[in-house]
Amino acid sequence: MNVAAPDTWSIAPAPVDDPDARTVLHAYLDELISRYYGRPAEEAEIAHEAGDGADLLGDRGVFLVARAGGAPVACAGVRWLAADTGELTRVFVTRSARRGGAGRRLVTAAEDVARARGVTRMLLNTRRDLTEAIALYTRLGYHPTDPYGDDPYAELWFSKELV
């Protein structure tokens, strides 16, 4: 059951140390780690993977938090790789807010922020087991591309021209 229809969400940049950002990032990492290892994530693993979020601050990137009724329900980040290239990362919608276009709205908001900065190409990477994410990215026009970066968990790479 959706907590709110996506068109009633507010989506806005937030510092990664904002309490709402930390809440949704924790949920994201908990699910990601649990799926990867096939067991509940440990708090130390979540804290390690969360890091300090510097890659999404200031001139390095932006972090978006979606809220429904004031509660954080989703997130997405964009790293600035070059003047014309961004990387979509940390896309997540809480279970209670999934379906009904939530992921599409969140990714579209991230792309809009990137376009406003002059980005014309968006990259992303993901794991093979994240089939829902792969389906979303494909529906939104992302296409397989050559591997890039050094993410040890990356198994698939995608790109999209933002026009």
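Keep in mind that this is a model prediction, so the values were computed, not measured. (Residues numbered from 1 in each chain as written. Predicted model: local features only at pLDDT ≥ 70, side-chain atom pairs only at ≥ 80, totals over all residues. Heavy atoms only, no water.)

### Focus on the environment of V16
As for its position among the elements, V16 is in the loop between β1 (10–13) and α1 (19–37). Counting along the chain gives 49 residues from V16 to V65, while the straight-line C-alpha distance between them is 9.3 Å. (Helix = DSSP H or I, 4+ residues; strand = E, 2+ residues; numbered from the N terminus.)

### Quick notes on the packing of aromatic side chains
Summed over the entire model, instances satisfying the criterion amount to four aromatic pairs. Taking 5.2 Å as the distance between ring centres and 85° as the angle between the ring planes, the aromatic pair formed by Y36 and Y153 counts as edge-to-face. Separated by 117 residues along the polypeptide, Y36 in helix α1 and Y153 in the loop between β6 (143–144) and β7 (156–161) bring together distant segments of the chain. Take Y153: its relative accessible area is 30%, and that puts it in the partly exposed class. Here the guanidinium or amino end of R39 rests over the ring plane of Y37, the centre of that ring lying 4.7 Å away. (Phe/Tyr/Trp six-rings, centres within 6.5 Å; stacked < 30°, edge-to-face > 60°. Buried < 20%, exposed > 50% of the residue type's maximum accessible area, 1.4 Å probe, protein only. Lys NZ or Arg CZ within 6 Å of the ring centre and 35° of its normal.)

### A short note on the pattern of salt bridges
Throughout the structure, instances matching the rule amount to 15 salt bridges. Of the charged contacts in the structure, one is a salt bridge between R115 and D112, with a shortest N-O distance of 3.0 Å. Placement of both R115 and D112 in helix α3 (residues 102–116) is noted, with a separation of three residues, approximately one turn of the helix. Residue D112 is classed as partly exposed on the basis of its relative accessible area of 41%. The shortest N-O distance in the salt bridge between R121 and E161 comes to 3.8 Å. Of the two residues, R121 is situated in strand β5 (residues 121–126) and E161 in strand β7; the sequence distance between them amounts to 40 residues. Overall, the relative accessible area of 29% leaves R121 in the partly exposed class. Taken together, the shared-partner salt bridges in this structure form one network comprising E31, R35, R95, R98 and E132. (Salt bridge = Lys/Arg side-chain N within 4 Å of Asp/Glu carboxyl O.)

### Comments concerning α1
Compared with the 27 Å implied by 1.5 Å per residue over 19 residues, the 27 Å span of α1 between its first and last C-alpha is a close match. All of the buried residues along α1 are A21, V24, L25, Y28, L29, E31, L32 and I33. Buried residues along α1 sit against α2 (43–50), β2 (61–68), β3 (71–82) and β4 (85–93). Once α1 ends, the next one or two residues include G38, with phi positive near 70°. (Expected span 1.5 Å × (residues − 1). Contact = heavy atoms within 4.5 Å.)

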